[in-house]
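What follows is each chain in one-letter form.
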Amino acid sequence: MNTLDQPLVLRCGLTLPQRIAMAPLTNTQSEPDGSLGDAEFEWLVRRARDGFRWISTCAAFVSEQGHAWRGQLGIATDDHLKGLTRLATALREHGAAAVVQLHHGGAKAELAPGRPLSTVDGGPANTRAATLEDLDEVIEQFVAAAQRAERAGFSGVEIHGANGYLFTQFLAPHDNPREDEYGGDLAGRALLLRRTLRAVRAAVSPSFAVGVRVSPVDVWAQRGLVLDDGVQVGRWLVEDGADFIHLSLGDASGPPAHEPDAGAVARAFRDALPGDVPIFAAGGIWTREDAARAVGAGVDVVVVGRAAIAHPNWPVVYTQPEWEPKRPTWSPDYLRSVDVGEALLQYLSGFAGMVEGGAAPRG
């Protein structure tokens, strides 16, 4: 039996029918105010209908201060509930466990009113150093957003602590020179994420899943994130109530890019954390061989990103012996045929070599 076809029960009691997840992919298909757009609804529901049984929304902003890009989904006010409820209902009807990824852009919140919040003043984004009162408010915003997700009918939430956004800005030594309780050593740099997780866990039902996505190591830019620190943060997050840990990696089965002798990142987490807390990992999952390597490296749930764009039925077809994924460059017509809306098509076209007629491949 294929391991990924086996169900998995989280500590909160939520059962995943399979161990394959659709990644929380930025798709720019929401309305300007963050309300769910019809194209975004169709994009996600198509993937649940065609075989994904764990569907995550894109990063959804928990406040206007954390609003990062145009077309981003919102979960910042009760005005967003109508669309979110519609989405959760449809995903559930297709048998998918659905989660909202809760997000604050921090220094990357390009649509924030005034100066965006971060660890310190200045920098390329002309950020404002978050005060203690600001950070208390951020925690409250995540709590309110998680409660909205539960009211809307989702199965859980994932706190986005990865990819250079607010929580990573606090975790990364190179980005956090603060001298208050939210800076200094690893315990101080991790405090904002830990307090947010604890507050969210306490504010929702015990059966509602709460997980965290983290960047446990430097992937592209070097910001001082190293594996030993990442594993320790993972241990703390489990103590604080995380039902799952989602690793954002360039290679789901590989070592840290800047620590090549450290061994597989996922294996380090799997060996360090309790067995009832699954390790999700994204990074380069296209084929059954990729998935098998990830499982062998310690991953419990493989997270499919770009392959899910082209193949809404990836969990159904990936094990077929003769099947090969359609990799970029994709034609616009093909992407439209798999419910990629025009806004997402335009977004993808900005990446080198992704879409025919879009940005040219490098080199």
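Here the structure is shown first, and the text comes after it.
Small disclaimer: the values here were computed from a predicted structure and weren't measured.

Comments concerning the packing of helix H6 (residues 191-203) against helix H7 (residues 227-239)
Describing two packed helices takes the angle between their axes plus the distance from one axis to the other.
Link 1 in the chain: Relative orientation of the contacting elements H6 and H7 amounts to 25°, with a least axis distance of 9 Å. In this view, H6 runs roughly parallel relative to H7, as classed from their interaxial angle. Relative to H7, H6 is oriented so that their crossing is right-handed. Contacts between H6 and H7 involve Leu193, Arg194 and Leu197 on the former and, on the latter, Trp236, Leu237 and Glu239.
Link 2 in the chain: Grouping the amino acids of the contact of H6 with H7 by side-chain chemistry returns 4 nonpolar, no polar and 2 charged.

Let's talk about the packing of aromatic side chains
Link 1 in the chain: Throughout the structure, instances matching the rule amount to 9 aromatic pairs.
Link 2 in the chain: Ring geometry for Trp69 versus Tyr165: centroids 6.2 Å apart, planes at 50°, classification tilted. With a gap of 96 residues between them, Trp69 in the loop between strand E4 (54-61) and helix H2 (81-93) and Tyr165 in the loop between strand E8 (156-161) and helix H4 (166-171) connect regions that are remote in the sequence.
Link 3 in the chain: On the basis of relative accessibility, which here comes to 15%, the residue Trp69 falls in the buried class.
Link 4 in the chain: For Tyr165, a relative accessible area of 15% gives the class buried.
Link 5 in the chain: With a centroid separation of 5.2 Å and an interplanar angle of 55°, the aromatic rings of Phe142 and Phe167 are classed as tilted. In this pair, Phe142 is assigned in helix H3 (residues 132-152) and Phe167 in helix H4, connecting sequence segments 25 residues apart.
Link 6 in the chain: Judged by relative accessible area, Phe167 falls into the buried class, the value being 1%.
Link 7 in the chain: Here a set of aromatic residues connected by ring pairs shows up, and it is made of Trp54, Phe244 and Phe280.
Link 8 in the chain: Looking at Arg86, its charged tip hangs above the ring of Phe41, at a distance of 3.8 Å from the centre.

Section: the side chain of Ser63
Link 1 in the chain: Looking at the element boundaries, Ser63 is found in the loop between E4 and H2.
Link 2 in the chain: Of note is the side chain of Ser63, whose polar atom sits 3.3 Å from the side chain of Gln141.
Link 3 in the chain: Apart from residues lying up to four places away in sequence, Ser63 is in contact with Ala76, His104 and Gln141.

What about the nonpolar core?
Link 1 in the chain: With 119 residues, the main nonpolar core has Trp54, Ile245, Leu247 and Trp314 as its most contacted residues.
Link 2 in the chain: It is H3 that contributes the most residues to this core, 9 residues altogether.
Link 3 in the chain: Apart from residues lying up to four places away in sequence, Trp314 is in contact with Ile20, Phe52, Ile285, Trp286, Thr287, Ala291, Val304, Ala307 and Trp323.

What counts and what doesn't
- Residues numbered from 1 in each chain as written.
- Predicted model: local features only at pLDDT ≥ 70, side-chain atom pairs only at ≥ 80, totals over all residues.
- Heavy atoms only, no water.
- Axes fitted to C-alpha atoms, helices over the stretch in contact; angles between N-to-C directions.
- Helix = DSSP H or I, 4+ residues; strand = E, 2+ residues; numbered from the N terminus.
- Parallel < 35°, antiparallel > 145°, perpendicular 65-115°, else oblique.
- Left-handed = near helix turned anticlockwise from the far one by under 90°.
- Contact = heavy atoms within 4.5 Å.
- Nonpolar A, V, L, I, M, F, W, Y, C, P; charged D, E, K, R; others polar.
- Phe/Tyr/Trp six-rings, centres within 6.5 Å; stacked < 30°, edge-to-face > 60°.
- Buried < 20%, exposed > 50% of the residue type's maximum accessible area, 1.4 Å probe, protein only.
- Lys NZ or Arg CZ within 6 Å of the ring centre and 35° of its normal.
- Polar contact = N/O pair within 3.5 Å; in protein donor to acceptor, adjacent residues only side chain to side chain.
- Core = buried A, V, L, I, M, F, W, Y, C linked by side-chain atoms within 4.5 Å.

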